[in-house]
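The residues making up each chain are set out below.
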Amino acid sequence: MVQTTDPELRERILHGIGELLPRVLKRELPEIPADACLFDDLGLTSAGTIELILELEESLDIQVDVEQITEDDLRSVTKLADYVAGHLIAED
């Protein structure tokens, strides 16, 4: 089964990441480029990544399957948004 990504959902996820990153990083961020590297450019840590995903789940009322997330999925804001949009857990 191929999961198609809902463009509207992906936009909401991207927006959510942009809103939550400053809170997770505990500092103000200027405009965040979509291709900004979460670790190198923004200084996100692995603990921060978990916090970001948990906050995203809560704010968007979604569940994300993080079992298969790779370092590559965390390279940039857009990669993370793609991963989240493509790895939602359907609520029963």
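Everything discussed here concerns the structure shown above.
Here's what I pulled together on the structure shown here.

Parameters and conventions
- Residues numbered from 1 in each chain as written.
- Predicted model: local features only at pLDDT ≥ 70, side-chain atom pairs only at ≥ 80, totals over all residues.
- Heavy atoms only, no water.
- Helix = DSSP H or I, 4+ residues; strand = E, 2+ residues; numbered from the N terminus.
- Rg over C-alpha atoms; globule rule 2.2 N^0.38 Å.
- Buried < 20%, exposed > 50% of the residue type's maximum accessible area, 1.4 Å probe, protein only.
- Contact = heavy atoms within 4.5 Å.
- Areas by Shrake-Rupley, 256 points an atom, 1.4 Å probe, with all protein chains shown as cover.
- Core = buried A, V, L, I, M, F, W, Y, C linked by side-chain atoms within 4.5 Å.
- Expected span 1.5 Å × (residues − 1).

Concerning the overall build of the protein
Right, on to step 1. On a plain count of helices and strands, the protein comes out with three helices and zero strands.
Right, on to step 2. Each helix and strand of the protein, placed in order from N terminus to C terminus, yields the pattern α-α-α.
Right, on to step 3. Relative to its length of 92 residues, the protein is compact, with a C-alpha radius of gyration of 12 Å against a globular reference of 12 Å.
Right, on to step 4. Across its three principal axes, the protein shows a C-alpha extent of roughly 40 × 25 × 25 Å.
Right, on to step 5. Put simply, the protein has 92 residues, and 39% of those count as buried.
Right, on to step 6. Here the analysis covers contacts within the protein between residues at least 6 apart in sequence; of these, 60% occur between residues at least 24 apart.
Right, on to step 7. A total accessible area of about 6,000 Å² is found for the protein, and carbon and sulfur atoms account for 49% of it.

Focus on the nonpolar core
Right, on to step 1. Ile13, Ile17, Leu21, Leu42, Leu52, Val77 and Leu80 are the most contacted members of the largest nonpolar core, which totals 27 residues.
Right, on to step 2. Breaking this core down by element, the ones donating at least two residues are helix 1 (7–25), helix 2 (46–60) and helix 3 (77–86).
Right, on to step 3. Counting residues per element, this core draws most heavily on helix 1, which supplies eight residues.
Right, on to step 4. Excluding anything up to four places from it in sequence, leucine 80 contacts Ile17, Leu38, Leu52, Ile53, Ile69, Asp73 and Leu74.

A closer look at helix 2
Right, on to step 1. In this model helix 2 runs 21 Å from its N-terminal to its C-terminal C-alpha over 15 residues, within 8% of the 21 Å that 1.5 Å per residue would give.
Right, on to step 2. Among the residues making up helix 2, those that are buried are Gly48, Thr49, Leu52, Ile53, Leu56, Glu57 and Leu60.
Right, on to step 3. Residues of helix 2 that are buried make contact with helix 1 and helix 3.
Right, on to step 4. Positive backbone phi, at 55 degrees, marks aspartate 61, one or two positions downstream of helix 2.

Looking at helix 3
Right, on to step 1. With respect to burial, helix 3 is a largely interior element, eight of its 10 residues being buried.
Right, on to step 2. What helix 3 keeps buried is the set Val77, Thr78, Leu80, Ala81, Tyr83, Val84, Ala85 and Gly86.
Right, on to step 3. Buried residues in helix 3 make contact with helix 1 and helix 2.

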